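Descriptive structure summary
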Amino acid sequence: LFLASQQGRTVADDVADAGAVISLLLDQTDAQIVIVNSNHDRALDRWLEEADPRQDPVNLPLWCDLQKPRYEMALDGAKDATIPLERALRLVCKHLNFSRIKFLQRDESFMVHGVELANHGDVGINGSRGGYTAFERLGGSYVIGHSHSGYKNGKRVAVSGVTGSFEMGYNVGASSWSHSHIVVCNDGSMQIIITK
């Protein structure tokens, strides 16, 4: 996130971009939008824990707005269960219809037709490193997305690709990234659709 501000962008810009994608999805479907807890939005958690806002004044207003409720709850002896990404979207993208958006907590299940959709794939078995091979060893069926590359292994594991840009600044060299999505059918089978 700090790198983004060095490139002329702010954390609020990144949140607004995420909100624009969610807004597009809300406009194109009547379905509920489910945000899976992942290392991507947990980067916002890390920023709140580790950043020194005095060294990053362009992001200071959002940092303060996101920290205030956390400190207020801590003073009351409570733990803030709100996901920072949700709070950030509510601050930056007030126009979104939040009644149609569900933000999953870490380790919260979300099943559709017998397929678990709540694992981004960044964390594997017993907290180990994630990836599709870790989920292939488990029972059940999973859709994950951590590798950014579309992949399907038989009937048990499917990996979605990237919805956004392939030019993220940290990915260099040859790439297997793809614009790909997973469709879960009524019988629990999964289809991968690669658009690019």
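Description of the structure in this document. What you see as residue numbers is a count from 1 along each chain, following the sequence as written. Selection of residues for local features in this predicted model requires a pLDDT of at least 70, selection of side-chain atom pairs for listing and counting requires 80 or more, and totals for whole chains, interfaces and linings are taken over all residues. No hydrogens and no water enter the side-chain calculation; it runs on all heavy atoms of the structure.

1. As for helix α5 (residues 84–92)
For α5, the full list of buried residues reads P84, L85, E86, R87, A88 and L89. Contacts are assigned to residue pairs with any non-hydrogen atoms lying within 4.5 Å of each other. We count a stretch as a helix when DSSP gives it H or I for four or more residues in a row; a strand needs E for two or more, and each element gets its number in order from the N terminus. Where α5 is buried, its residues meet α2 (11–28), β1 (33–35), α3 (39–50), α4 (60–75) and β2 (101–103). For each residue, the accessible area found with a 1.4 Å probe, counting protein chains only, is set against the maximum for its type, and the residue is called buried under 20%, exposed over 50%, and partly exposed in between.

2. A few points about the pattern of salt bridges
Every case where a carboxyl oxygen of Asp or Glu lies within 4 Å of a side-chain nitrogen of Lys or Arg is listed as a salt bridge. Under the defined criterion, the tally for this structure stands at eight salt bridges. For D17, the salt bridge identified is with R9, shortest N-O distance 2.6 Å. What makes D17 partly exposed here is its relative accessible area of 41%. In this structure, E108 and K102 form a salt bridge, with 3.1 Å as the shortest nitrogen-oxygen distance. With relative accessibility at 28%, the residue K102 sits in the partly exposed group.

3. Details of the pairing of strand β9 (residues 190–194)
For a regular strand, side-chain orientation follows a simple rule: the groups alternate between the two sheet faces. Two strands are counted as paired when DSSP detects at least two bridges linking them. One ladder, built from five bridges, connects strand β8 (residues 180–184) with β9; its direction is antiparallel. Across the sheet, V183 pairs through a bridge with Q191, a residue of β9. Hairpin connection, β8 to β9: the antiparallel pair is bridged by five residues, and G188 has positive phi, about 90°.

4. Notes on the nonpolar core
Among the buried residues, those of types Ala, Val, Leu, Ile, Met, Phe, Trp, Tyr and Cys that are joined through side-chain atoms within 4.5 Å form a nonpolar core. Of all hydrophobic cores here, the largest spans 21 residues; its most connected members are L89, L96, I101 and F103. Breaking this core down by element, the ones donating at least two residues are α2, β1, α3, α4, α5 and β2. Counting residues per element, this core draws most heavily on α2, at four residues. Excluding anything up to four places from it in sequence, L89 contacts V15, A18, G19, I22, K94, L96, F98 and F103.

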